[in-house]
Amino acid sequence: MKKIIKPAIFVFIGIIIAFPVFSLTYYTMVRTSTPGFCASCHEIQPAFNAWKTSTHVNNAQGFVADCMDCHLPAPQDTINFFYTKTAHGIKDVFVHFAYGTYDREKSRDHTYETFKNAQCQKCHRNILNIPDKRGAMLAHRTVLYPKEGYEKKCVDCHRNLVHMDSEIYRYKEKQPPYRGLGI
């Protein structure tokens, strides 16, 4: 009987300790995964304001792609998601306090250099079926099926259509509407 009681006590104590730690970690991740939290950093405010007026928020489908959708791996990839989210947060806090100034252009360029097409394709899946837009379909084909040495990223063409350092996102003035195609 003593052989069962000692492990049972350890399991019980483990549950008593693990449950609050897990709950606090999960609660923290959920609360810090909102656009409002991202915008609480004044360095991010211009990107947040551009995002609020972009088609990633205002579109015919009513879909909203927030910061986490584009800047972090899919939440299903839990360990990579938590690691990347934590690394981004620590880096941003370090830069804020260590350097005092935030080089928005340098940060944006680094983000575009490291951006992966899979981030865009989480939402933009059917990019080869765009009626009346043959040029866009051909351009998208070169991204999806690149020749060796000719690899492209979505942001190579759509670089300034996601965020711009201005209060007003002017995408709709530059391009005709996509007529509810979800892109």
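Residues numbered from 1 in each chain as written. Predicted model: local features only at pLDDT ≥ 70, side-chain atom pairs only at ≥ 80, totals over all residues. Heavy atoms only, no water.

S.K.: Help me out: how do you make sense of the overall build of the chain in this one?
M.R.: Secondary structure assignment for the chain yields ten helices and zero strands. Residues classed as buried in the chain amount to 21% of the 183 residues present. Considering only intrachain contacts with a sequence separation of at least 6, the fraction spanning at least 24 residues in the chain is 61%. Carbon and sulfur atoms make up 64% of the accessible area of the chain, which amounts to about 13,400 Å² in all. (Helix = DSSP H or I, 4+ residues; strand = E, 2+ residues; numbered from the N terminus. Buried < 20%, exposed > 50% of the residue type's maximum accessible area, 1.4 Å probe, protein only. Contact = heavy atoms within 4.5 Å. Areas by Shrake-Rupley, 256 points an atom, 1.4 Å probe, with all protein chains shown as cover.)

S.K.: Explain the pattern of salt bridges here, please?
M.R.: Pairs may arise between side chains of opposite charge once their charged atoms sit close together. Under the definition given, this model contains one salt bridge. Residue Lys91 is joined to Asp92 by a salt bridge in which the shortest nitrogen-to-oxygen separation is 2.9 Å. Owing to a relative accessible area of 29%, Asp92 belongs among the partly exposed residues under this scheme. (Salt bridge = Lys/Arg side-chain N within 4 Å of Asp/Glu carboxyl O.)

S.K.: Sorry if this is basic, but what is going on with the nonpolar core here?
M.R.: Core analysis: the biggest nonpolar cluster contains seven residues, these being Cys70, Tyr112, Phe115, Cys120, Val143, Cys154 and Val155. Ignoring any residue separated from it by four or fewer positions in sequence, one finds Val155 in contact with Tyr112 and Phe115. (Core = buried A, V, L, I, M, F, W, Y, C linked by side-chain atoms within 4.5 Å.)

S.K.: Would you mind showing me how to read helix α3 (residues 45-52) here?
M.R.: Two residues of an α-helix separated by three or four positions point the same way, owing to the 3.6 residues in each turn. Listed in full, the buried residues belonging to α3 are Pro46, Phe48, Asn49, Ala50 and Trp51. Turning to α3, the residues buried within the fold contact α2 (35-38) and α6 (104-114).

S.K.: Would you mind showing me how to read the packing of aromatic side chains here?
M.R.: Given two aromatic rings, their pairing is described by the distance between the two centres and the angle made by the two planes. Across all of its chains, the model carries four aromatic pairs by this definition. Plain terms: the ring middles of Phe22 and Tyr26 are 6.3 Å apart, the flat faces sit at 15 degrees to each other, and that makes the pair stacked. Residue Phe22 and its partner Tyr26 are both found in helix α1 (residues 2-31); the two are separated by four residues, about one turn of the helix. With respect to class, Phe22 is no different from Tyr26; both count as exposed. (Phe/Tyr/Trp six-rings, centres within 6.5 Å; stacked < 30°, edge-to-face > 60°.)

S.K.: Would you mind showing me how to read the confidence of the model for the chain here?
M.R.: In low-pLDDT segments, the atomic positions of the prediction should not be examined closely. With 86% of its residues at a pLDDT of at least 70, the chain reaches an overall mean of 78. Considering only residues more than four positions removed or in separate chains, one finds that residues 165-183, a stretch of pLDDT under 50, has 34 contacts. (pLDDT = per-residue confidence, 0-100.)

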